[in-house]
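Listed below are the residues making up each chain.
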Amino acid sequence: MKKCEITLTVNGEQLTTMVAANQTLLEVLRENLGMTETKYGCGTGECGACTVLLDGTKPILSCLTLAAAMDGRHITTAAGLARDGQLHPVQQAFVDESGIQCGFCTPGMVMKTVGILARTPNPSDEEIRHGLEGNICRCTGYAKIVSSVKRAAELMADQSAAE
Amino acid sequence: MSSRVLPDFELLMPKDLGEGLQLLSRHGSDVAIMAGGTDVLVMMKANYRSPYVMSLAGIGGLDHLDWAPETGLRVGALTTVDQIEQSGAVKQHYRALWQAATLFATPQIRNSATVIGNLLRASPAGDCSCAVLALGGTVVLESVDGRREVAIDDFWLDYNLTARRPDEIAVELRLPPPGKGTGSAFRRLTRTHEDLAKLNASARLDVDGKICRTARLAMGCVGPTTQRLPKCEAILVGKAIDEALLKTLDDVIQSEIAPIDDKRSTAEYRRAVAGVLLRRTISQALAD
Ligand SMILES: Cc1cc2nc3c(=O)[nH]c(=O)nc-3n(C[C@H](O)[C@H](O)[C@H](O)COP(=O)(O)OP(=O)(O)OC[C@H]3O[C@@H](n4cnc5c(N)ncnc54)[C@H](O)[C@@H]3O)c2cc1C
């Protein structure tokens, strides 16, 4: 099959790679670029494990996105959140609140949380639960994930107050 | 069962609309057009095959959402369901479409899925489709030979079949401006919020004083396409809508729908709740 060269900016770094027309963004991240933090769950848009951010704040499903159509775009994965060895407040909040059990859904949950807080910096429980729709967790029962999102909102508010 | 890997196809990435239309005039029925891809890619991971996939992503100027009181709403081919949800104008003037957008799928899907893709998928479960049928409007189709407009009432021919010719791109959806007494609403029943509708309904009512002047009622998951309910509409027109009148719809709707058993519901259940969903949707439109 015909391949084409695309350039993606992933976590701030410009990367050029050859992709086949039928490769999804998820496959290119994991297989071409070796960035395995983004997970393959269902492959059909139901579970949210493959969530990445487009243009810094917009959660999309990398399993339902053709890589070739993303040429020139900015993508953020869970590995792109930490700065200078410091966890991102959202990551720290998931650790603090034990919002992680087996961890498979966590990269998607974390990316989704960044997306929720970009739009609603101080969300209600209702807004958090509505925002988390599309990310499935089979371990936690969600209560600890909801408190992680709440904690993340606090940490981010503290951080911007300090700046 | 879905496969992990997409089948082979040739990807067409036109840089402008003219190039896209040229490609379609050449390859026509061998092309699957892709907007957000949330239907096309899922279908290709199952058993759908197409020699060419044409992504609209590289075509500029297709993601507009313009509202004006005289002309109404214009929704571009790449305008997403999320854009609809975020629009104050849609929330105010086209409540049914806004409600469909807020209930639609998940945030990630809403960020990619387009309203026009929902219409073109021609699924009887389409949520934006149901709202658009109640609101009324036209789909603008363009080919190298020019543009034409098809009324939404004539747009769906059968399950997964529309009035679009293989050489045409749907470039815009146009919704008429609401009148002074226009109200609309959308509701759906689902097993979980993320699932497709078991049943959805939408209503647009033009009310003058207490009297209903026109009514457009739409329901999905009760036949091969999303459909109007003309007998129920006729009952409302010219009358003041009250609980007693609404109750009469429960029987009338039975002769207008032909639901099937599938994995989301039984036909029996759909028949049992169709009247209830319709009544609630109408009441909600009256309150808009
Ligand atoms: C997990 C999940 C949940 C979903 N939940 C819902 C839901 O709650 N409600 C609902 O209604 N739908 C739902 N869907 C279905 C889907 O997201 C919608 O139908 C969506 O609106 C399709 O838009 P798209 O831009 O992704 O379309 P695409 O997949 O790009 O295209 C859909 C169809 O339209 C055609 N098409 C698209 N654009 C054009 C154009 N401009 N001209 C001509 N043809 C065109 C394509 O060829 C294809 O046949 C869901 C899908 C998934 C995967």
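None of these values were measured; they are calculated from a predicted model.

### Considerations on the packing of helix H10 (residues 243-252) of chain B against helix H11 (residues 267-287) of chain B
Helix-helix packing: each pair is described by the crossing angle between the helix axes and the interaxial distance.
All names here are of chain B.
Point 1. For the pair H10 and H11, the least separation of the axes is 8 Å and the interaxial angle reads 145 degrees. Between H10 and H11 the crossing geometry is right-handed. Between H10 and H11, the contacting residues are Glu 243, Leu 246, Lys 247, Leu 249 and Asp 250 on the first element and Gly 275, Val 276, Leu 278, Arg 279, Ile 282 and Ser 283 on the second.

### Section: the site of the ligand
Point 1. Not every one of the 31 residues close to the ligand is listed here, only the nearest: B:Ile33, B:Ala35, B:Thr38, B:Asp39 and B:Thr114.
Point 2. What surrounds the ligand is not a single chain but chains A and B.
Point 3. Contact between the ligand and B:Thr38: an oxygen atom at 2.6 Å from a side-chain N or O atom of the residue.
Point 4. B:Asp127 places a side-chain nitrogen or oxygen 2.7 Å from a nitrogen atom of the ligand.
Point 5. When the free accessible area of the ligand is taken as 990 Å², the share hidden by the protein chains comes to 93%.

### Some remarks on the interface of chain A and chain B
For interface size, the figure often reported is the accessible area lost on association.
Point 1. In this complex, chain A contributes 32 residues to the contact, which on the side of chain B involves 31 residues.
Point 2. Summing both sides of the interface, chain A and chain B together bury roughly 2,500 Å²; the carbon and sulfur share of this comes to 57%.
Point 3. Taken as a group, A:Tyr40, A:Leu64 and A:Leu66 account for 22% of the area that chain A buries against chain B, more than any other trio of residues on that side.
Point 4. Across the contact surface, chain A and chain B share two salt bridges.
Point 5. The partner of B:Asp82 in a salt bridge is A:Arg119, and the shortest N-O contact between them spans 2.9 Å.
Point 6. Viewed at the interface, chain B and chain A are joined by ten residue pairs in polar contact (both at pLDDT 80 or more).
Point 7. Elements supplying a minimum of two residues to the side of chain A that touches chain B: strand S4 (58-61), helix H3 (106-119) and helix H4 (125-132) of chain A.
Point 8. With four residues, the single largest contributor to the side of chain A that touches chain B is S4(A).

### A short note on the confidence of the model for chain B
Point 1. Averaged over every residue, the pLDDT of chain B is 96; residues scoring 70 or more account for 99%.
Point 2. Scored by ipTM, the complex comes to 0.96, with pTM at 0.97.

### A few points about the packing of aromatic side chains
Residue and element names in this part refer to chain B.
Point 1. Applying the stated criterion across every chain, the model contains two aromatic pairs over all chains.
Point 2. With centroids separated by 6.3 Å and ring planes inclined at 70 degrees, the aromatic side chains of Phe 155 and Trp 156 adopt a geometry described as edge-to-face. An identical accessibility class is assigned to Phe 155 and Trp 156; each is buried.

### Description of the pairing of strand S1 (residues 3-10) of chain A
Residue and element names in this part refer to chain A.
Point 1. Of the strand pairs in this sheet, S1 and strand S2 (residues 13-20) are connected by eight bridges, and their pairing is antiparallel. Looking at S2, one finds that Thr 7 is bridged to Thr 16.
Point 2. Connecting S1 to the next strand, S2, in antiparallel fashion are two residues, including Asn 11 with a positive phi near 50 degrees.
Point 3. When S1 meets strand S5 (residues 74-76), the two strands line up parallel, connected through two bridges.

### Points about empty space enclosed by the protein
Point 1. Applying the stated criterion to the full structure yields one cavity of 30 Å³ or more.
Point 2. Estimated volume of the largest cavity: approximately 30 Å³.
Point 3. Taken together, A:Leu61, A:Leu64, A:Thr65, B:Gly36, B:Thr38, B:Gln108, B:Ile109 and B:Ser112 make up the full set of residues lining the largest cavity.
Point 4. For the lining of the largest cavity, the element with the highest residue contribution is helix H6 (residues 107-112) of chain B, accounting for three residues.

### A word on the domain arrangement of chain A
Residue and element names in this part refer to chain A.
Point 1. What the domain assignment reports for chain A is domain 1 (3-80) and domain 2 (89-162).
Point 2. Across the boundary between the two partners, domain 1 contributes 17 residues, which contact twelve residues of domain 2.
Point 3. Buried area between domain 1 and domain 2, summed over both chains or domains, comes out near 1,100 Å², and the portion from carbon and sulfur atoms is 69%.
Point 4. Its largest share of buried area at the contact with domain 2, domain 1 owes to Lys 39, Thr 51 and Ala 78, together 35% of the area lost on that side.
Point 5. Taken together, domain 1 and domain 2 are joined by zero salt bridges.
Point 6. Seen at the junction of domain 1 and domain 2, the total is four residue pairs in polar contact (both at pLDDT 80 or more).
Point 7. Ranked by the residues each element gives to the side of domain 1 that touches domain 2, the list is headed by strand S3 (residues 51-54), at three residues.
Point 8. Class assignment of the residues belonging to the side of domain 1 that touches domain 2 gives a composition of seven nonpolar, seven polar and three charged.

### As for the sheet that holds strand S1 (residues 10-12) of chain B
Residues and elements named next belong to chain B.
Point 1. Read across the sheet, three strands follow the order S1-S3-S2 without closing on themselves; strand pairing throughout is parallel. The sheet is open, and its two borders are formed by S1 and strand S2 (31-34), each paired with just one other strand. Each adjacent strand pair in this sheet contributes to an overall mean axis angle of 25 degrees, direction not counted.

Cut-offs applied
Residues numbered from 1 in each chain as written. Chains lettered and ligands numbered in written order. Predicted model: local features only at pLDDT ≥ 70, side-chain atom pairs only at ≥ 80, totals over all residues. Heavy atoms only, no water. Axes fitted to C-alpha atoms, helices over the stretch in contact; angles between N-to-C directions. Helix = DSSP H or I, 4+ residues; strand = E, 2+ residues; numbered from the N terminus. Left-handed = near helix turned anticlockwise from the far one by under 90°. Contact = heavy atoms within 4.5 Å. Near = heavy atom within 4 Å. Polar contact = N/O pair within 3.5 Å; in protein donor to acceptor, adjacent residues only side chain to side chain. Areas by Shrake-Rupley, 256 points an atom, 1.4 Å probe, with all protein chains shown as cover. Buried area = accessible area lost by both parts, 1.4 Å probe. Salt bridge = Lys/Arg side-chain N within 4 Å of Asp/Glu carboxyl O. pLDDT = per-residue confidence, 0-100. Phe/Tyr/Trp six-rings, centres within 6.5 Å; stacked < 30°, edge-to-face > 60°. Buried < 20%, exposed > 50% of the residue type's maximum accessible area, 1.4 Å probe, protein only. Pairing = 2+ DSSP bridges. 1 Å grid on protein atoms, 1.4 Å probe; cavity = no way out; pocket = protein on both sides within 12 Å on 5 of 7 lines; lining within 4 Å. Points joined across faces, edges and corners; volume = space filled by probe spheres on them. Domains from an automatic or database assignment. Nonpolar A, V, L, I, M, F, W, Y, C, P; charged D, E, K, R; others polar.

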